[in-house]
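Spelled out from the first residue to the last, the chains are:
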Amino acid sequence: EVQLVESGGGLVQPGRSMKLSCAASGFTFNNYDMAWVCQAPKKGLEWVATISYDGSSTYYRDSVKGRFTISRDNAKSTLYLQMDSLRSEDTATYYCARPLYNYGSPFDYWGQGVMVTVSS
Amino acid sequence: DIRMTQSPASLSASLGETVNIECLASEDIYSDLAWYQQKPGKSPQLLIYNANSLQNGVPSRFSGSGSGTQYSLKINSLQSEDVATYFCQQYNNYPYTFGAGTKLELK
């Protein structure tokens, strides 16, 4: 059974950093690109970033470029999102998501989500 | 960025009714279109991909259609468990973008 379990969320002050983790199991992690998608409270979904199966390529939405870094450790089957210079508008539930297939694919598995609140 | 305009924003329907939700892309997305269902407090679930392919395990009362810039999700014979918010998503180009969602309630 595919499982994606996020951790690392919580309350953080504006300008500070936070690192999210997503532990994957039930599939061959290093065969799949992986992504982070967020959802602000009572709002819609926003794609944040994607990393290729081998970590060689990364893609970001403009609003997080230069502040967020997506990475992965295939030996540990774990996906990460390092979030620096956090802003109040980054407050959201962050989901780890696996695509149905690599490149140009919807997401068929999602984690339960982890809440990040940016506030002083 | 490709803008996804979803309509209606909310919808009230009766059990057994047929429901249609529309999604308009700001440019041709070549059927790289997915539909998700999200229930309160839960993660999104993939229903339809490639505009009209039913994801494994999804009831056949859900169907998708469309091409180019216009797409739709149809729910036949509405069930109580279909009460949720539905989102469309394009994955033709980065940044992947989602529609604002359609909240479906029972009348």
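Heads up: the structure comes first, above all this text.
Since the model is a prediction, treat every value here as computed from it, not as a measurement.

A. Broad picture of the layout of surface pockets. The computed volume of the largest pocket comes to approximately 610 Å³. Taken together, 26 residues line the largest pocket, and the ones lying closest to its centre are Gln39, Lys42 and Lys43 of chain A together with Gln38 and Thr85 of chain B. For the lining of the largest pocket, the secondary structure elements donating two or more residues are strand S9 (92–99) of chain A together with strand S9 (84–90) and strand S11 (102–106) of chain B. Broken down by element, the lining of the largest pocket gets its largest block of residues, 4 residues, from S11 of chain B. Counted by class, the lining of the largest pocket contains 11 nonpolar, 9 polar and 6 charged residues.

B. Representation of empty space enclosed by the protein within the structure. The tally for this structure, following the rule as stated, stands at 1 cavity of 30 Å³ or more. Looking at the largest cavity, the residues that line it are Asp33, Met34, Thr50, Pro99, Tyr101, Asn102, Tyr103, Gly104, Ser105 and Phe107 of chain A together with Tyr94 and Tyr96 of chain B.

C. Structural detail: the pattern of salt bridges. Residues and elements named next belong to chain A. Across all of its chains, the model carries 7 salt bridges over all chains by this definition. Across the salt bridge formed by Arg61 and Glu46, the nearest N and O atoms sit 3.5 Å from each other. Of this pair, Arg61 sits in the loop between strand S6 (58–60) and strand S7 (68–73) while Glu46 sits in strand S5 (residues 45–51), and the two are 15 residues apart along the sequence. Residue Arg61 is classed as buried on the basis of its relative accessible area of 18%. Between Asp90 and Arg67 there is a salt bridge whose closest N-O contact spans 2.8 Å. With Asp90 in the loop between strand S8 (78–83) and S9 and Arg67 in the loop between S6 and S7, this pair connects stretches of sequence that are 23 residues apart. Taking the relative accessible area as the measure of exposure, Asp90 reaches 6% and is therefore buried.

D. A look at the interface of chain B and chain A. At the interface, 17 residues of chain B touch 20 residues of chain A. Carbon and sulfur atoms supply 63% of the area that chain B and chain A bury against each other, a total of about 1,600 Å² over both sides. Three residues stand out in chain B for area buried against chain A, namely Tyr94, Tyr96 and Phe98 of chain B, and they jointly supply 37% of the buried area on that side. Along the contact surface separating chain B from chain A lie 0 salt bridges. Where chain B meets chain A, there are 6 residue pairs in polar contact (both at pLDDT 80 or more). Of all elements in the fold, only strand S4 (33–38), strand S5 (45–49) and S9 of chain B reach the threshold of two or more residues within the side of chain B that touches chain A. Element by element, the count of residues in the side of chain B that touches chain A is highest for S4 of chain B, at 3 residues.

E. Region of interest: the nonpolar core. Membership of the largest hydrophobic core comes to 29 residues, with the highest contact counts inside it found for Leu20, Trp36, Val48, Leu79, Leu81, Met83 and Tyr94 of chain A. Every element with two or more residues in this core is listed here: strand S3 (18–25), strand S4 (34–39), S5, S7, S8, S9 and strand S11 (114–118) of chain A. A total of 4 residues in this core trace back to one element, the largest contributor, which is S3 of chain A. Those residues in contact with Tyr94 of chain A, other than ones at most four positions away along the chain, are Glu6, Leu20, Trp36, Val37, Cys38, Val48, Phe68, Leu81, Met83, Gly113, Val114 and Val116 of chain A. Trp35, Ile48, Leu73 and Ile75 of chain B belong to the second largest nonpolar core, which has 23 residues in total.

How each quantity is defined
Residues numbered from 1 in each chain as written. Chains lettered and ligands numbered in written order. Predicted model: local features only at pLDDT ≥ 70, side-chain atom pairs only at ≥ 80, totals over all residues. Heavy atoms only, no water. 1 Å grid on protein atoms, 1.4 Å probe; cavity = no way out; pocket = protein on both sides within 12 Å on 5 of 7 lines; lining within 4 Å. Points joined across faces, edges and corners; volume = space filled by probe spheres on them. Helix = DSSP H or I, 4+ residues; strand = E, 2+ residues; numbered from the N terminus. Nonpolar A, V, L, I, M, F, W, Y, C, P; charged D, E, K, R; others polar. Salt bridge = Lys/Arg side-chain N within 4 Å of Asp/Glu carboxyl O. Buried < 20%, exposed > 50% of the residue type's maximum accessible area, 1.4 Å probe, protein only. Contact = heavy atoms within 4.5 Å. Buried area = accessible area lost by both parts, 1.4 Å probe. Polar contact = N/O pair within 3.5 Å; in protein donor to acceptor, adjacent residues only side chain to side chain. Core = buried A, V, L, I, M, F, W, Y, C linked by side-chain atoms within 4.5 Å.

None of the figures reported here should be taken as evidence of function without further support.
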